[in-house]
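Summary of the model geometry
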Amino acid sequence: MVSFLRSRESAMPPAPTASERTRQLRRVALSGMLGTAVEFYDFLVYGTVAALVFGELFFPGADPAVGTIAAFGTFAAGYVARPIGGIVFGHFGDRLGRKNMLLLTMGLMGGASFLIGVLPTYDTAGVWAPVLLITLRVVQGIAIGGEWGGATLMVVEHAGERRRGLWSSFTQMGAPLGSLISASVVALVSTLPKDQFAAWGWRVPFLLSVLLLGVGLFVRLKVVESPLFAEVKKDRAESRLPILDVLRRPKPVLLACGVGIGAFTAQSLLTSYLIAYATGIGYPRPQVLTALTVSAAVALVVLPCASALSDRIGRRPVVLTGAILSAATAFPVLALVDSRSSGALILGVVIGHGISQSLMYGPLGALFSEMFGTKVRYTGASLGYQGATLVGAGFSPLVAGSLVASSGNGTPVALLLCGGSLITALTVWFVRETSRTSLGEDPAPELPTTPHTEEITA
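The paragraphs below set out a description of the structure included in this document. (Residues numbered from 1 in each chain as written. Predicted model: local features only at pLDDT ≥ 70, side-chain atom pairs only at ≥ 80, totals over all residues. Heavy atoms only, no water.)

Section: the overall build of the protein chain
As a reminder of what qualifies: We count a stretch as a helix when DSSP gives it H or I for four or more residues in a row; a strand needs E for two or more, and each element gets its number in order from the N terminus. Note on contacts: a residue pair is in contact if any heavy atoms of the two residues lie within 4.5 Å. Values of accessible area rely on a 1.4 Å probe in the Shrake-Rupley scheme; residue burial ignores everything except the protein chains shown.
A tally of regular secondary structure across the protein chain gives 21 helices and zero strands. Here the contacts in the protein chain between residues at least 6 apart in sequence split such that 86% fall between residues at least 24 apart. Here the protein chain displays about 17700 Å² of accessible surface, and carbon together with sulfur accounts for 68% of that area.

Concerning a nonpolar patch on the surface
Rules: To count toward a patch, a residue needs a relative accessible area above 30% and no salt bridge. Like charges then connect within 9 Å, nonpolar side chains (Val, Leu, Ile, Met, Phe, Trp, Tyr) within 5 Å. A side-chain nitrogen of Lys or Arg and a carboxyl oxygen of Asp or Glu constitute a salt bridge if their distance falls within 4 Å.
A surface patch of nonpolar side chains, about 410 Å² in accessible area, is lined by Ile84, Ile87, Val88, Phe92 and Leu96. The residue Val88 is located in helix 3 (residues 64-96) in this model.

Digging into the nonpolar core
We count it as follows: In this description, a nonpolar core means a group of buried Ala, Val, Leu, Ile, Met, Phe, Trp, Tyr and Cys residues linked to one another through side-chain atoms lying within 4.5 Å. Using a 1.4 Å probe on the protein chains alone, a residue whose accessible area is under 20% of its type maximum counts as buried, one over 50% counts as exposed, and one in between counts as partly exposed.
Core analysis: the biggest nonpolar cluster contains 94 residues, and Phe54, Phe58, Trp202, Tyr361 and Phe368 have the highest contact counts within it. Among the nonpolar cores identified, the runner-up in size contains 14 residues, and Leu25, Met154, Ala159 and Trp167 belong to it.

Points about the pattern of salt bridges
A full pass over the atoms with the stated rule returns eight salt bridges. The partner of Arg248 in a salt bridge is Asp245, and the shortest N-O contact between them spans 2.4 Å. One end of the pair is Arg248 and the other is Asp245, both in helix 12 (residues 242-248) and three residues apart, which spans about a single turn. Between Arg315 and Glu370 there is a salt bridge, with the nearest N and O atoms lying 2.6 Å from each other. Of this pair, Arg315 sits in helix 16 (residues 315-338) while Glu370 sits in helix 18 (residues 364-370), placing them 55 residues apart in sequence. Its relative accessible area of 0% is what places Arg315 among the buried residues. Connected through salt bridges with shared partners, the residues Asp94, Arg98, Glu157 and Arg377 form a single ionic network.

So, the packing of helix 6 (residues 128-158) against helix 7 (residues 164-189)
As a reminder of what qualifies: The angle between two axes is taken between their N-to-C directions and runs from 0 to 180 degrees, where each axis is a line fitted to C-alpha atoms and a helix contributes only its stretch in contact. Take the far helix as the reference: if the near one is turned anticlockwise from it by less than a right angle, the crossing is left-handed, and if turned clockwise, right-handed. Nonpolar residues are Ala, Val, Leu, Ile, Met, Phe, Trp, Tyr, Cys and Pro. Charged residues are Asp, Glu, Lys and Arg, and all others, Gly as well, are polar.
Helix 7 packs onto helix 6 with a crossing angle of 145° between their chain directions and a minimal axis gap of 9 Å. Once helix 6 is placed against helix 7, the crossing between them reads as right-handed. From helix 6, Trp148, Ala151, Thr152, Val155 and Val156 reach across to helix 7, where they touch Arg164, Trp167, Ser168, Thr171 and Gln172. Here the contact of helix 6 with helix 7 is built from residues that sort into five nonpolar, four polar and one charged.

Quick notes on the environment of Leu336
Following the sequence through the fold, Leu336 ends up in helix 16. Classification of Leu336 by relative accessible area gives partly exposed; the value is 22%. As a C-alpha pair, Leu336 and Gly348 span twelve residues in sequence and 5.5 Å in three-dimensional space. With residues near it in sequence (within four places) discarded, Leu336 still touches Tyr283, Ala344, Leu345, Leu347, Gly348 and Ile351.

Some words on a positive patch on the surface
The condition that has to hold: When charges are counted, Lys and Arg contribute as positive and Asp and Glu as negative, whereas His and the chain ends are disregarded. In plain terms, the charge of a residue is placed at NZ if it is Lys, CZ if Arg, CG if Asp and CD if Glu.
A contiguous patch of positive charge on the surface is contributed by Arg23, Arg26, Arg27, Arg163 and Lys222. Residue position: Arg163 is located in the loop between helix 6 and helix 7. Judged by relative accessible area, which is 47%, Arg163 ranks as partly exposed.

Distances and angles like these do not, on their own, reveal function.
Following this line, the structure appears as structure tokens:
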């Protein structure tokens, strides 16, 4: 037996060299960015098209405002499903591994998006049309609920101790990259005459998701499993029920939810809902989509800069700066949008989304990962993130649409944006700085019960 074990040890592959680890880290970072971009492309295309035509195609006969609210109700259904995806894929990701779950979530998202592209409308299928639409939206929500946690952890757990923020920003950049692609594709097809766009043009972005799915799966098949998870499996130390272990100490999850609310409120109000609001006050669709495209391009620059800065001065100061800036500029941003000037619209969206939201959002990948131990990290980080999206993004467009319709002005949009940002600013004071935390530690017991402001040196 001893000789057999020795032969097995001698047959084990040598430890990877530093250059090999760097190549693998780059591959994992690229996989995280492309995979998340594909997922967010599919998810955000829905929000964009819902704002443009889903009200009349799937909820006909209603007042235009009511139809838009109903369309955003199906939008919210996807966000309600995201915590379910976080729990399900988090469980198996903590038990079986990160990589397999990422392949599965991407396949689910791509399949659901393609099926939305071939759905019959209300005129053809009657009430079954909105039922099928909501069902596929829920599948999308479940898929993306499991996507972010796995993609982020794969990068963070491959990265070194001192540059986790910077490397995790590649996954965070998948969101504006997906938004950039989706806005560009929708802008292209929206140049069609209105009747052709309503008849078939809206389907094109969903059908194109099959091509992006193929690229994403190809890249993800080439990455290796997280080394920290492999260590847990080798020691047989994994949690049998990660969700129970997380909920026994719910404080980190609740804090993560609070910290993320501002970023997701800004994301939903200044992307998906902005399309309906801005076109409703007279902006042509191409101008609105151009503003979103410019904002996404700015976010692609700000996100890695904010994340790299969080490696040097800490996650909390960067997130807090973004939250305060977002709250302070909420009403000026609304005034720029209400000016009905194309240049002012672009400036407003860039300030509110491209800069302020990116400062809040950039460090979240590293911050949430550092708040949980390896055995439950997929479940804990996913629950915190998806809980924040549910509260901050899931219902914001629905609430904003209802309040704007009843008040006749956009003040509720600014109030929601300001409120979400202030929740983030308040919550971040109660979170322990984690930028110097070792991912091999279990950080949850160290979370303080009172806020503090320790200095973090570079």
